[in-house]
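Fold and geometry: a report
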Amino acid sequence: MNWVILIIAGLFETGFAFCLGKMKETTALEHYLWAAGFLVSLTLSMVLLAKAVQTIPIGTAYPIWTGIGAVGTVLVGIFFFNEPATFARLFFITTLIISIIGLKMV
């Protein structure tokens, strides 16, 4: 169950990065609503990570958490913020995903 919690924590990390990106694009009330989403996502991500490391070694959980967040953030950038999807970016994201799977397996 803590592996599922860790994956959800990583997705919330992507969520707070998405909220930061939206904060750059907005003003006034909408800016503060995205800021609230950032704080909620950040809090949930940290709480869930803390729960997951109760049974998963920190040396495994933390890199997987940051890897999920990194992969998710790059994908959010490509799909929502019109960032380039170059061969190099996709290649290294693929190697990161393979590394995350490898950490889970060992």
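Scroll up to find the structure.
Owing to the predicted nature of the structure, the values given are computational and were not obtained by experimental measurement. (Residues numbered from 1 in each chain as written. Predicted model: local features only at pLDDT ≥ 70, side-chain atom pairs only at ≥ 80, totals over all residues. Heavy atoms only, no water.)

1. Considerations on a nonpolar patch on the surface
We apply this condition: The patches reported here contain residues having more than 30% relative accessible area and no salt bridge. Joining distances are 9 Å for like charges and 5 Å for nonpolar side chains (Val, Leu, Ile, Met, Phe, Trp, Tyr). Accessible surface area values rest on a Shrake-Rupley calculation with a 1.4 Å probe, where residue burial reflects the displayed protein chains alone. A pair is scored as a salt bridge if a Lys or Arg side-chain nitrogen falls within 4 Å of a carboxyl oxygen belonging to Asp or Glu. Between buried and exposed lies partly exposed: a residue is buried under 20% and exposed over 50% of the maximum accessible area for its type, with that area taken using a 1.4 Å probe on protein chains only.
Taken together, the side chains of Ile97, Ile101, Met105 and Val106 make up a nonpolar region of the molecular surface, amounting to roughly 450 Å² of accessible area. You can call Met105 exposed: its relative accessible area is 67%.

2. Here we look at the packing of helix H3 (residues 58–80) against helix H4 (residues 87–105)
Threshold: The axes used here are C-alpha line fits, helices contributing only the stretch in contact, and every angle between their N-to-C directions lies in the interval 0 to 180 degrees. Secondary structure elements follow DSSP: runs of H or I of four or more residues count as helices, runs of E of two or more count as strands, with numbering from the N terminus. Comment on the angle field: the value is read as roughly parallel under 35 degrees, roughly antiparallel over 145, roughly perpendicular from 65 to 115, and oblique elsewhere. Left-handed describes a crossing in which the near helix is turned anticlockwise from the far one by less than a right angle; the clockwise case is right-handed. Whether two residues touch is decided by their heavy atoms; if any such pair falls within 4.5 Å, the residues are in contact. Gly counts as polar in this scheme, as do all residues outside two lists: the nonpolar Ala, Val, Leu, Ile, Met, Phe, Trp, Tyr, Cys and Pro, and the charged Asp, Glu, Lys and Arg.
It is at 10 Å that the axes of H3 and H4 come closest, and there the two elements cross at 150°. In terms of axis orientation, H3 runs roughly antiparallel to H4. Pair H3 / H4 crosses with left-handed handedness. Facing H3, whose interface residues are Thr60, Pro63, Ile64, Gly67, Ile68, Ala70, Val71, Val74 and Ile78, H4 presents Arg89, Leu90, Ile93, Leu96, Ile97, Ile100, Leu103 and Lys104. For the contact of H3 with H4, the per-class residue count stands at 13 nonpolar, two polar and two charged.

3. Thoughts on the nonpolar core
Stated precisely, the cut-off is as follows: Put simply, a nonpolar core is a bunch of buried Ala, Val, Leu, Ile, Met, Phe, Trp, Tyr and Cys residues held in one set by side-chain atoms that sit within 4.5 Å of each other.
Counting residues in hydrophobic clusters, the biggest one holds 15 residues, and the most contacted among them are Leu6, Leu49, Ala52, Ile56, Ala61, Ile64 and Trp65. Per-element tally for this core: the top contributor is H3, with seven residues. Counting five residues, the second-largest nonpolar core is a separate cluster that includes Phe16, Met23, Ala35 and Phe38.

4. Observations concerning the pattern of salt bridges
One pass over the structure, following the stated rule, counts two salt bridges. Salt-bridge contacts for Lys22 lead to Glu25; the nearest nitrogen and oxygen are separated by 3.5 Å. Note that Lys22 and Glu25 are positioned in helix H1 (residues 2–25) at a spacing of three residues, about one turn of the helix. With a shortest N-O distance of 3.3 Å, Glu83 and Arg89 are connected by a salt bridge.

5. Looking at the environment of Ala35
Relative to the helices and strands, Ala35 is located in helix H2 (residues 28–52). Taking the C-alpha atoms as reference points, Ala35 and Ala88, separated by 53 residues in sequence, lie 32 Å from one another.

6. Description of the packing of H1 against H3
Closest axis-to-axis distance for the H1/H3 pair is 8 Å, and the angle between their directions is 40°. In terms of axis orientation, H1 runs oblique to H3. Considering the relative orientation of H1 and H3, their crossing is right-handed. Here H1 contributes Trp3, Leu6, Ile7, Ala9, Gly10, Leu11, Glu13, Thr14, Ala17 and Phe18 to the contact with H3, which in turn contributes Thr60, Ala61, Ile64, Trp65, Thr66, Ile68, Gly69, Gly72, Thr73, Val76 and Phe80.

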